[in-house]
Amino acid sequence: MTSPKTLPTSIDETEAFLAGEAYVADRSLATVLFLALRMNRPLFLEGEAGVGKTEIAKVLAHGLGRKLIRLQCYEGLDVASAVYEWNYAAQMVEIRLAEAAGETDRERLASDVFSERFLVRRPILQALEPDAAGPPVLLIDELDRADEAFEAFLLEVLADGQVTIPELGTVRAAAPPIVVITTNRTREIHDALKRRCLYHWVDYPDAARELAIVRLKVPGAAERLSREIVAFVQRLRADDNLFKAPGVAETIDWATALAELDQAALDPDVVSDTLGVLLKYQDDVARIRGSRTVQIVEEIRRQASAAA
């Protein structure tokens, strides 16, 4: 964990902060991130999988020297897994010991077993605890995977930076955490939650920004290879009716794989053999492999020659 740092004081500083953490962002993302930090509002990031939403929370935590607390959402997620639960086994031991000692005051016993020493803190409650490095970064990842009912549990946290525990009362953060919520939009999130956040759609990058990302993340890839990889991926997103278009994460993985194979440029046979790094569904791989791969590579090279 790096030493804690002050928050950026301008959009330009936010852009520089992200660049310093090797995150290539456009101006609109830097703007909404700056405002979220400045206004102490949760940041709601929506977009396709693999475009860098989760990475923003990681960059914030590392760059600011804050703890990153991640809540990975899934179907069936409830308060016990996300906020808190009681250590029932330890409570039962305490009750048995009290009974063996002749304790008969049930109210006193209930007060003892529902005290903080039996409380198991889950990610959201952990994010409300004070930290010497400053409020942590709370990443609520892929909220759309959780059930709609779970969103109601988040409203109190997002609006007031607090959680109510019936047996203990309200636990309130001295300073609210930096909250980043991501969703892949597999379902719509309720307006009541969105209203408490600043919203940003994280889109696929254009060719220039994606090339900058590849250069930064895969410095060992040849320049020609990097350009052709980006052109190939951009073509797939724009022209081919794929079940799942490749994200930036897949572009980086593919560039890394081709660099490991000592490729200086795209070779149609190698492209066909490595499509499983870029595409994650067999129907998509089958659609692109073979003649379609050759066609795209030839088009990329004709355009590069015409632009030279």
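Residues numbered from 1 in each chain as written. Predicted model: local features only at pLDDT ≥ 70, side-chain atom pairs only at ≥ 80, totals over all residues. Heavy atoms only, no water.

A.B. asks: It is not clear to me how the overall build of the protein chain should be interpreted in this structure. Could you clarify?
C.D. replies: Helices and strands together make up the secondary structure of the protein chain, namely 15 helices and 9 strands. Scaling as 2.2 N^0.38, a compact globule of 308 residues should have a C-alpha radius of gyration of about 19 Å, whereas the protein chain reaches 25 Å, well beyond that. In terms of overall dimensions, the protein chain has C-alpha extents of about 90 × 45 × 35 Å along its principal axes. Considering the protein chain as a whole, with its 308 residues, one finds that 44% of them fall into the buried category. In the protein chain, once contacts between residues fewer than 6 apart in sequence are set aside, the share between residues at least 24 apart is 75%. When the accessible surface of the protein chain is split by element, carbon and sulfur atoms take 51% of a total near 15600 Å². (Helix = DSSP H or I, 4+ residues; strand = E, 2+ residues; numbered from the N terminus. Rg over C-alpha atoms; globule rule 2.2 N^0.38 Å. Buried < 20%, exposed > 50% of the residue type's maximum accessible area, 1.4 Å probe, protein only. Contact = heavy atoms within 4.5 Å. Areas by Shrake-Rupley, 256 points an atom, 1.4 Å probe, with all protein chains shown as cover.)

A.B. asks: What should I look at first to understand the packing of helix H11 (residues 223-239) against helix H13 (residues 268-278) in this one?
C.D. replies: To describe two helices that pack against each other, one gives the angle between their axes and the distance between the axes. For the pair H11 and H13, the least separation of the axes is 14 Å and the interaxial angle reads 65°. In terms of orientation, H11 and H13 fall into the roughly perpendicular class. The way H11 lies across H13 gives a crossing that is right-handed. Contact residues: H11 offers Phe-232, Val-233 and Leu-236, while H13 offers Val-271, Leu-275 and Leu-278. Taken together, the residues of the contact of H11 with H13 sort by class into 6 nonpolar, no polar and no charged. (Axes fitted to C-alpha atoms, helices over the stretch in contact; angles between N-to-C directions. Parallel < 35°, antiparallel > 145°, perpendicular 65-115°, else oblique. Left-handed = near helix turned anticlockwise from the far one by under 90°. Nonpolar A, V, L, I, M, F, W, Y, C, P; charged D, E, K, R; others polar.)

A.B. asks: Just to check I follow, could you spell out helix H2 (residues 27-39) for this structure?
C.D. replies: Owing to its 3.6 residues per turn, the α-helix brings residues three or four apart onto one side. For H2, spanning 13 residues, the distance from its first C-alpha to its last is 18 Å, which sits close to the expected 18 Å at 1.5 Å a residue. For H2, the set of buried residues is Leu-29, Ala-30, Val-32, Leu-33, Phe-34, Ala-36 and Leu-37. Looking at the packing, one finds that the buried side of H2 touches helix H1 (11-20), strand S1 (43-46), helix H3 (53-64), strand S8 (178-183) and strand S9 (198-201). Of the residues flanking the end of H2, it is Asn-40, one or two places downstream, whose phi is positive at about 55°. (Expected span 1.5 Å × (residues − 1).)

A.B. asks: Help me understand the packing of aromatic side chains in this model?
C.D. replies: How two aromatic rings sit relative to each other is given by the distance of their centres and the angle of their planes. Using the criterion set out here, one finds 6 aromatic pairs in the structure. Centre to centre, the rings of Phe-232 and Trp-254 are 5.3 Å apart; their planes meet at 50°, and the pair counts as tilted. With Phe-232 in helix H11 and Trp-254 in helix H12 (residues 248-260), the pair connects residues that are 22 residues apart, well separated along the chain. Both residues of the pair, Phe-232 and Trp-254, belong to the buried class. Taking 4.6 Å as the distance between ring centres and 65° as the angle between the ring planes, the aromatic pair formed by Phe-243 and Tyr-281 counts as edge-to-face. (Phe/Tyr/Trp six-rings, centres within 6.5 Å; stacked < 30°, edge-to-face > 60°.)

A.B. asks: Looking at this model, I keep getting lost on the sheet that holds S8. Mind explaining?
C.D. replies: Note on sheets: strands pair through backbone hydrogen bonds, and any given pair is parallel or antiparallel. A sheet is described by the order of its strands in space; here 5 strands give the open sequence S2-S5-S8-S1-S9, paired in parallel fashion. The open sheet has two edge strands with one neighbour each: strand S2 (68-72) and S9. Strand-to-strand, the axes of this sheet are offset by a mean angle of 20°, without reference to chain direction. Note: S1 against S8, 4 bridges, orientation parallel. Counted as the bridge partner of Leu-45 is Thr-182 from S8. Running at roughly 160° to S9, H2 makes contact with S1, S8 and S9 of the sheet. Lying on the sheet, H3 is in contact with S1, S2, strand S5 (137-141) and S8; it crosses S8 at an angle near 160°. (Pairing = 2+ DSSP bridges.)

A.B. asks: Got a minute to help me understand helix H5 (residues 88-100) in this structure?
C.D. replies: Counted at 1.5 Å a residue, the expected span for H5 with its 13 residues is 18 Å, and the 18 Å between its end C-alpha atoms agrees. Listing the buried residues of H5 in full gives Gln-91, Ile-95 and Ala-98. Here the buried residues of H5 occupy an arc of 65° about the axis, which is enough to place them on one side. Set apart from the buried face of H5 by more than 90 degrees, the exposed residues are Ala-89, Leu-97 and Ala-100. Following H5 by one or two positions, Gly-102 adopts a phi angle in the positive range, close to 85°. (Arc of directions from axis to C-beta.)

A.B. asks: What should I look at first to understand the pattern of salt bridges in this one?
C.D. replies: Two side chains that carry opposite charge are able to pair once their charged atoms sit near each other. The final tally for this structure, using the stated rule, is 20 salt bridges. Of the charged contacts, one joins Asp-141 and Arg-70 as a salt bridge, the two residues approaching to 2.6 Å between their closest N and O atoms. Taken together, the positions of Asp-141 in strand S5 and Arg-70 in strand S2 put the pair 71 residues apart, joining distant regions of the chain. With relative accessibility at 2%, the residue Asp-141 sits in the buried group. Classification of Arg-70 by relative accessible area gives partly exposed; the value is 38%. Arg-117 serves as the salt-bridge partner of Glu-94, at 3.0 Å between the closest nitrogen and oxygen. A residue pair is termed long-range when its members are at least 10 positions apart, and Glu-94 in helix H5 and Arg-117 in the loop between helix H6 (106-113) and strand S4 (119-121) qualify at 23 residues. (Salt bridge = Lys/Arg side-chain N within 4 Å of Asp/Glu carboxyl O.)

A.B. asks: Please clarify how the environment of Arg-122 should be interpreted in this entry.
C.D. replies: You can see Arg-122 is positioned in the loop between S4 and helix H7 (123-127). Using a relative accessible area of 27% as the deciding quantity, one classes Arg-122 as partly exposed. Taking the C-alpha atoms as reference points, Arg-122 and Glu-85, 37 residues apart in sequence, are found 7.6 Å from one another. Setting aside residues no more than four positions away along its own chain, Arg-122 makes contact with Ala-80, Ser-81, Ala-82, Val-83, Tyr-84 and Glu-85.

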